[in-house]
Amino acid sequence: MRSTPPSAARRWDGSSIAPRPRRLLQVSPDGASRLLRCGQRDRCRQCGNRIEWYHRGTGQRQHLVRLHPDELPTDHVPVACRWHVSSGVAYPAGDGSEWCRLPHAVLCPARDADLIPAGLTGLRRALAVTTRRLIDTGAFTPARHPAPVDPVARACRPARPIVQLLYVRYLASRPVEEIRCVAQTRRRDRCTSPLLTPDSPVGTWRLTPVTAAGGQLPLPADVMTVYDLSRVPYAEQLRWRAQRCPQHAAAPTAADLAVADWELFDPLRHHEHIHSRLPNRARRPGPSGSAHASRP
């Protein structure tokens, strides 16, 4: 029998009544798995159907593949289109079972129907019906095809720009204006807000020397275009490195739903992404008829 009554903050056996604080899942920058144990859910920007992102099993973790979220019988899938997932990593081959995964590009209704295998036309038709329903209800707007761009002007806007922040150069997976936040919303979807907002500080496009590590071969260019964020506040550089929009950067308890798209830049491995012309929005003809880029 207890000689003293229990405290109001504890039960009769002495255990605490107050619930333990909840621990929200978040991607650890020092972790080895980096979300390799699950597929990252998303929707196709061309058709709006559900897809899952997986890392390829080629030893290069930065390469991702979009797979259809459901398994299909191997009898209906050509051998060249069969994939399987093991420990969260996608491999371009069958695993010997009667089921396999399929790349979404093979089924996407927005692509040419002549390239669809005969056994998958019914599934592609079902995805097309889903796309039509999403469009009719206003839940999805197809991505517009960009207008034809002059080859010289296209070279001025890198598809995968080199970004410098925190004194490190990274290779982005998409243009600067299209880099999305990786945080999870209250609806358990990925945030659609971009990192570059009108109210946030912006970087500067600069031409910087191409440097290589000691012992490497000569570089293919002398200068390269870099989106420099070194002069923005330190907190903004941390936000870009974490790949979060200003709203989710102010809420650190929000979980990450995807891996940051940054890839350490190597001038030899990524030489095709090196551009020696500054991106610009307006171009003016020079005295000899050639186009000159105006500094932004």
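Only a predicted model underlies this, so the values are computations on that prediction, with no experimental measurement involved.

Peer 1: Outline the confidence of the model for the chain, supporting the account with residue identities and numerical values.
Peer 2: Scored by pLDDT, the chain has a mean of 76; 70% of the residues are at 70 or more. Below a pLDDT of 50 lies the segment residues 28-36, which in the model reaches 18 contacts outside its immediate sequence neighbourhood of four places, other chains included. Here residues 281-296 scores under 50 on pLDDT; set against residues more than four positions off or in separate chains, the count is 24 contacts.

Peer 1: Hey, could you go over the sheet that holds strand E11 (residues 223-228) for me, with residue numbers and the actual values?
Peer 2: Strand order across the open sheet formed by 5 strands is E10-E11-E8-E9-E12, with mixed pairing between neighbours. Both edges of this open sheet fall to strand E10 (204-209) and strand E12 (263-264), since each of them pairs with a single strand only. Of the pairings in the sheet, the one linking strand E8 (residues 162-165) to E11 comprises 2 bridges and is parallel in character. Bridge pairing in E11 places Gln-164 opposite Asp-228.

Peer 1: I'd like to hear about the environment of Thr-208, residue by residue, with values.
Peer 2: Assignment of secondary structure puts Thr-208 in strand E10. Ignoring sequence-local partners within four residues, the contact set of Thr-208 consists of Arg-169, Asp-222, Val-223, Met-224 and Val-226.

Peer 1: A description of the side chain of Gln-237 should follow, citing residues and the corresponding values.
Peer 2: As for its placement among the helices and strands, Gln-237 is situated in helix H4 (residues 234-242). A polar contact is formed between the side chain of Gln-237 and the backbone oxygen of Leu-229, at a distance of 3.4 Å. Look past the residues within four positions of Gln-237 in its chain and what remains in contact with it is Leu-165, Leu-166, Leu-229, Ser-230 and Val-232.

Peer 1: Tell me about the pattern of salt bridges, and please be specific about residues and values.
Peer 2: A complete count under the given rule lists 8 salt bridges for this structure. Salt-bridge contacts for Arg-180 lead to Asp-42; the nearest nitrogen and oxygen are separated by 4.0 Å. Within this pair, whereas Arg-180 is found in the loop between strand E9 (168-171) and E10, its partner Asp-42 is found in strand E1 (residues 40-43), the two being separated by 138 residues in sequence. Judged by relative accessible area, which is 19%, Arg-180 ranks as buried.

About the criteria used
Once a new chain begins, its residue numbering starts again from 1 and follows that chain's sequence as written. A pLDDT threshold of at least 70 governs which residues receive local features in this predicted model, and a stricter bar of 80 or more applies before side-chain atom pairs are shown or counted, although totals over entire chains, interfaces and linings include all residues. Neither water nor hydrogens contribute to the side-chain values; these are computed over all heavy atoms in the structure. Within a predicted model, pLDDT stands for the predictor's per-residue confidence, ranging from 0 to 100. Contacts are assigned to residue pairs that have any heavy atoms within 4.5 Å of one another. Two strands are said to pair when DSSP picks up at least two bridges between them. Only runs of H or I of at least four residues qualify as helices and only runs of E of at least two qualify as strands under DSSP, and these elements are numbered from the N terminus. In the analysis that follows, any N or O atom pair within 3.5 Å is treated as a polar contact, provided that within protein one partner can donate a hydrogen and the other can accept it, and provided that, for residues neighboring in sequence, both atoms belong to side chains. Note on definitions: salt bridges are taken to be side-chain nitrogens of Lys or Arg within 4 Å of carboxyl oxygens of Asp or Glu. Summary of the burial criterion: residues with accessible area below 20% of their type's maximum are buried, those above 50% are exposed, and those between are partly exposed, where the area comes from a 1.4 Å probe applied to protein chains only.

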